[in-house]
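Architecture and fold: a report
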Amino acid sequence: MKKTIVITDEFFGRGDEELGALLMGSFLRKLCLAENLPKEIVFYNSGVKLLAEGTSPVLDAIRMLEKKGVGITACGTCISHYGLAGKIDPANVGDMAGIIGELLSDGHVVTI
């Protein structure tokens, strides 16, 4: 069954941001090693910061997932809001209609 992961924040969970950043990095790097990878990872709100060239501490893991065939989509409105245009690969930028289509077409959606 197809799975989509939705990442809505640059931190994993609520509470201490330093811990949240560490946990997000651990999650994405461990996901690279998983046998059953998601079909897509959708990033919105401050989650798009994880895709920013030059500032993301986890871009290496995201690129590895992409090389393994996982689709990566970032909310274009969120990218504009955070001033990240030019720092995120335009091939990964989507709009809300595309994100809705992705979320409704898959068997399971996991929100982080």
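Our subject in this report is the structure included herewith. (Residues numbered from 1 in each chain as written. Predicted model: local features only at pLDDT ≥ 70, side-chain atom pairs only at ≥ 80, totals over all residues. Heavy atoms only, no water.)

1. Focus on the overall build of the chain
Test applied: Comment: elements are numbered from the N terminus, with helices defined as DSSP H or I runs of at least four residues and strands as E runs of at least two. The size measure is the radius of gyration over C-alpha atoms, and the globule rule it meets is 2.2 Å times the number of residues to the 0.38 power. Between two residues, a contact is recorded if the distance between any of their heavy atoms is within 4.5 Å. Method for areas: the Shrake-Rupley scheme with a 1.4 Å probe, in which residue coverage is limited to the protein chains shown. Counted as positive: Lys and Arg. Counted as negative: Asp and Glu, with His and the chain ends omitted from the count. Here the site of a charge means NZ on Lys, CZ on Arg, CG on Asp, or CD on Glu.
Along its length, the chain carries four helices and five strands. In sequence order, the secondary structure elements of the chain are arranged as β-α-β-α-β-α-β-α-β. In summary, the chain has a C-alpha radius of gyration of 13 Å against a globular reference of 13 Å for 112 residues, a match within 12%. Considering only C-alpha atoms, the chain reaches an extent of 35 × 30 × 25 Å along its principal axes. Across the chain, every contact between residues at least 6 apart in sequence was considered, and the portion connecting residues at least 24 apart equals 73%. For the chain, the exposed surface amounts to about 6400 Å²; the carbon and sulfur share of it is 56%. Across the chain, the mean location of the 11 positive side-chain charges is 4 Å away from that of the 14 negative side-chain charges.

2. A closer look at the pairing of strand S2 (residues 40-43)
Condition: Three exposure classes are used, based on accessible area relative to the maximum for each residue type with a 1.4 Å probe and protein chains only: buried under 20%, partly exposed in between, and exposed over 50%. Strands were regarded as paired on the criterion that DSSP finds at least two bridges between them. By the criterion used throughout, a crossover qualifies as right-handed when its path from the first strand across the helix to the second strand runs clockwise, the strands pointing away from the viewer.
Burial of the side chains of S2 extends over both faces: Glu40 and Val42 are buried on one face and Ile41 and Phe43 on the other. Looking at chain direction, strand S1 (residues 3-7) and S2 are connected through four bridges and run parallel. Within S2, the position partnered with isoleucine 7 by the bridge is phenylalanine 43. Remark: the S1/helix H1 (residues 17-33)/S2 crossover connection has right-handed handedness. Examined bridge by bridge, S2 and strand S3 (residues 71-75) share four bridges and lie parallel to one another.

3. A closer look at the side chain of threonine 4
Let me state the cut-off plainly: Polar contact is the term for a pair of N or O atoms within 3.5 Å; when the atoms are in protein, one must be able to donate a hydrogen and the other to accept it, and sequence-neighboring residues count only if both atoms are side-chain atoms.
Structurally, threonine 4 is set in strand S1. Side chain to side chain, threonine 4 and glutamate 102 meet in a polar contact 3.4 Å long.

4. So, helix H2 (residues 59-67)
Residues spaced three or four apart along an α-helix point in a common direction, a consequence of the helix completing one turn every 3.6 residues. The criterion, for reference: It is the directions from the helix axis to the C-beta atoms whose arc is reported.
Every buried residue of H2 is accounted for by Leu59, Ala61, Ile62 and Leu65. Seen along its axis, H2 keeps its buried residues to an arc of 160 degrees; they face one direction. Next to the buried residues of H2 lie H1, S2 and S3. Within two residues after H2, glycine 69 carries a phi angle of roughly 100 degrees, on the positive side.

5. Some points on the environment of glycine 20
Position of glycine 20 among the secondary structure elements: in helix H1. Overall, glycine 20 belongs to the buried group, its relative accessible area being 2%. Residues in contact with glycine 20, not counting those within four places in the same chain, are Phe11 and Phe12.

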